[in-house]
Each structure stands twice: as structure tokens, then as C-alpha cells.
Amino acid sequence: MDRIKITGGAKLNGMIPISGAKNAALPLLIASLLTADRLTLKNVPNLADVNLLARILRNHGVDLAVDGKRATPGPLLGETFHLSARDIVDTTAPYEMVSRMRASFWVLGPLLARCHQAKVSLPGGCAIGTRPVDLHLVGLKALGAEIDIDRGYVLAKTPAGGLRGAKVIFPKVSVGATMNVLLAAALARGETVMENAAREPEIGDVAECLVKMGCLIEGIGTSTLRIQGRDRLEGAVHTVLPDRIETGTFAFAVAATGGDVVLTGAKAVHLQTALDALASTGTQVIETESGIRVVRNGAGINPITVETQPFPGFPTDLQAQMMALMTTAKGTSVIRETIFENRFMHVQELARLGADIQLSGDTAIIKGVRGLTGAPVMATDLRASVSLVIAALMAEGETTINRVYHLDRGFEQLERKLSGCGAQIERISAG
Ligand code: EPZ
């Protein structure tokens, strides 16, 4: 297994291009199941999760080419995907695939809407929490789906004539449930109204793509989505929006090391709460024409109190990175995680580097220490892993991060982007 070696202490200076958002690219790729026509997606990041989903979609019969070339199995190169789901040959998403990536469960809605039946493995829990799918199923049932759970699989079918539009009121905000129902509603008969829908920018991006495919959607960006389903959707060309979590991660990294970096292509409006929190630490955050400039020179980091919330609140996907930054703040910070019950796997690893963090239920109390010291640590999930990268960049001496395949799931060319700004970071290949 590959490892990453970081020698801390270097300031970050320069420019980092922000990639397309993983969490938009995945459902956009899945949207290809909704049409027999060609869907072209630009700015797709080259990530392990994208490559895994490409394999899952091929299994359903999606013909996939990258930059005009026919994609062969294995790592995909290039950033423009052409997807054609003329014939769906298999409506089963097997355990071996769905268990490796939760977002692949989102094929359920589109398969059901287009083929009137689907068999999709339950995704199961994962390192950050139990992560049930009850809200997905409640939403799809409201659209008329008949659903059974048997031997770890969701078996779903529609009544004759397919799914029909309905009102869905979510008792709790869920990105995945909103995404699944949105994708299904696009091919349902009549109008679907989702209330208390998630408002994450990635949902808006998928909705914009569905509009290009011929669906009428009102309320994009709000918690009430009104979708007029269509009998058939057309092909479209769509560009994946920039990754706000990658943006926040690099912004926090610059604050951690000190320096001056422009995050090109980044959109501040997609992570305003996180940027406001960063500004309150004493870091300068400046919106520029090309993106976001982050500057910290000399002054120490002010501690903060923050809690994770659905969009537009502080994102859970940046909680670990903020905690890494707070480890050397000038005082005590309080970070509360309200979305996932077990998203503190990074705490014990940060402690290996010398961080002083006490956990009490859903709250972490971080006492700023004078400095961190390099040590071997282990990546546990995607965002926890990258928080260790931030901590290692600050630490004195050398840190080795093991199990970096987690990072490869969600960060495109991480080492290259950081080393381009002066970080001493290298991948040690397992051979
Ligand atoms: C999405 O996961 C993201 N994944 C996650 O990013 C992100 O952390 C999360 O949204 C919250 O923003 C992708 O976009 C691929 P949820 P999702 O449904 O959709 C509970 C990353 O690092 N819930 O909004 O699975 C659930 O347990 C990943 O890129 C139910 O109770 O998250 C959680 O407590 C990790 N029943 C809360 O809702 C359900 O049916 C929010 O989860 C569904 C969810």
C-alpha cells in the first residue's frame, strides 16, 4: 500500500487549481442512466471513486468513453466523459461494488425510473457512522415504488406505468436521499415536490444538468424542489462544478502553514460559512476574479467554536481539516459534529502528532499546543486522512501517512498540487 511522506514546516505559496467536485461528478455520472442519448460531462476529476463508479455503470450497460477515446478498464485519464446508456442490460448493483462506495446506491432511483425495477445492495455502515438509507426508501415509496429488503438487497419495482410524481417531506435533511429522489422524479409521471430537501451546491449542479436534459425544475438551491417529470430525457453537455471541499481543505492548509495561495476556479459562495470561520481565525480570505486567495503571514491562529450543519452551514466534510488547523491555535476551540455520529477517527491520529483533543459525545475540545511533531499515522477515511496531511504540513519533522488509498478516493493530484506550492510531500509507492 502506498504511503505519503511529509516533512513539515514549509509555507505554501503559489496557485492551486481546484478540480471538479467528486460529490457532484458521482451523481452526474449516475444521471446518464436516465437517458438513451449521450451525456457529456466535462471537468470530471480523475479519482478512485469516479473510476469505481465508471465500472459500476458499465456493468449496467453504460457505454463510456473519455475524451473521445473508448475507456478501457483501469485508471481513466482525461476529464471529459461521454456516457451513453442506450440499453440498460443489468438492473442489479451488486454488493461487491455498492459496499465499496456509498454513492453507488444512488443508481436505485434512476434504474427504477427508467427500467421500472432495480436490485441494489444495501450500502451498509462505514467508518464515519451507521448511515442508513431509510429516507431514500421513504422518498421512492412516495413515488409509488414497491420495496422489499431481502438478503442485504433492496428489491424495488414500480406499478404498471412507472413512477408517479408525489409530495415528499423529508423529516431530516439528507444529501443522498434528495439526490436519489431527484434523479428518480426526473422520469416520473407528473410533479414531484420535495420539502426539506438538501441544498448542497452539488444537488443544484445535478438539477441544472437535469434541466439541460429536458426536465423542468423549480427551486434549485432552496429546500423545496419542484420537479416536472418527463417521459424521456435527452442528452446534454454539462461541466462539473468546482470542489468546495477541496477548496476548503487547501484554504485551511494555507492557514495552517502560513503563506499566500490562490485557489483558482474556486467559488466562495459554495463554502461561505467555512470561509467566514477561516477568516475569524485571523486568516485573510479574498475573493478574486480567478478564485479565492488565502493569506496568513506571521500572526497566530485564533481559536474558534463551530458546529457542522447541512448546507449552508459549516460542512461536516471540512470538520477534520478545521480540527487539524485548531491544534496549534492560540487557545481552546470547540468543534461539534452534528451530522455523523462517529466522525472523529482523526482525533487519535492527530494526538500522535502531539495534538491535545478531548472528546465528549459529539463535541471535540481542542487545546492549542505550541507545535506538532511528525510521527507515523494512519488514514481512516477520506476527510480524516487529509486532516492528517494538514497537520503533517505544520508539524516539525517527518510524518508518514499510511493507507493513503482513502486520499485517492477524493483528492486529485494532492501531492502535486501541494508540492507545487512548496510543500515537502512525496508518495512512497508500495511497488
Ligand atoms: C453525502 O453523504 C456526501 N457524500 C458525504 O461526503 C457528506 O459527508 C454528506 O453528504 C453530508 O454532507 C456524497 O455526496 C457522495 P446524508 P450522504 O444522507 O448522502 C442520515 C465525503 O467525504 N441519514 O446527507 O450519505 C445520515 O446517517 C462524503 O465526500 C439517515 O438517517 O449523507 C447522516 O447522519 C462522506 N437516513 C445524515 O442523515 C437516510 O436515509 C446526513 O447524511 C440517509 C441519511
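The notes below deal with the structure included here. Residue indices follow the written sequence of each chain, beginning from 1 at its first position. With pLDDT at 70 or above as the cut-off, local features in this predicted model cover only qualifying residues; side-chain atom pairs require 80 or more to be listed or tallied, and sums for whole chains, interfaces and linings still use all residues. The basis for every side-chain value is the complete set of heavy atoms in the structure, and neither hydrogens nor water enter the calculation.

**Regarding the sheet that holds strand β16 (residues 259-264)**
What counts here: By this definition, two strands are paired if DSSP reports at least two bridges between them. Helix and strand assignments come from DSSP, with helices taken as H or I runs of at least 4 residues and strands as E runs of at least 2, each series counted from the N terminus. The axes used here are C-alpha line fits, helices contributing only the stretch in contact, and every angle between their N-to-C directions lies in the interval 0 to 180 degrees. We call two residues in contact when some of their heavy atoms are within 4.5 Å.
Overall, mixed pairing links the four strands, which are arranged β2-β16-β18-β17 in an open sheet. Taken across any chain shown, the strands that pair with only one partner, and hence form the sheet edges, are β2 (12-17) and β17 (284-287). Ignoring strand direction, the axes of neighbouring strands in this sheet form an average angle of 10 degrees. Alignment of β17 against strand β18 (residues 291-296), held across four bridges, turns out to be antiparallel. Of the residues in β18, the one forming a bridge with V285 is V294. The sheet contacts of helix α8 (residues 244-257) involve β2, β16 and β18, and relative to β16 the element is tilted by about 170 degrees.

**Details of helix α6 (residues 175-185)**
Filter applied, for reference: The buried label applies to any residue whose accessible area, calculated with a 1.4 Å probe on protein chains only, is under 20% of its type's maximum; exposed applies above 50%, and partly exposed to all values in between.
Counted residue by residue, α6 has 10 buried out of 11 residues, so it is predominantly covered. Burial in α6 covers these residues: G176, A177, T178, M179, N180, V181, L182, L183, A184 and A185.

**Considering the sheet that holds strand β9 (residues 146-150)**
With respect to topology, four strands assemble into an open sheet ordered β7-β8-β10-β9, the strand pairing being mixed. What marks the edges here is a single partner per strand, and that holds for β7 (92-93) and β9. Where β9 and strand β10 (residues 153-157) come together, five bridges link them in antiparallel fashion. In the strand pairing of β10, I147 is matched with A156. In the packing of helix α4 (residues 108-115) onto the sheet, contacts are made with β8 (117-121) and β10, and the angle to β8 comes to roughly 160 degrees.

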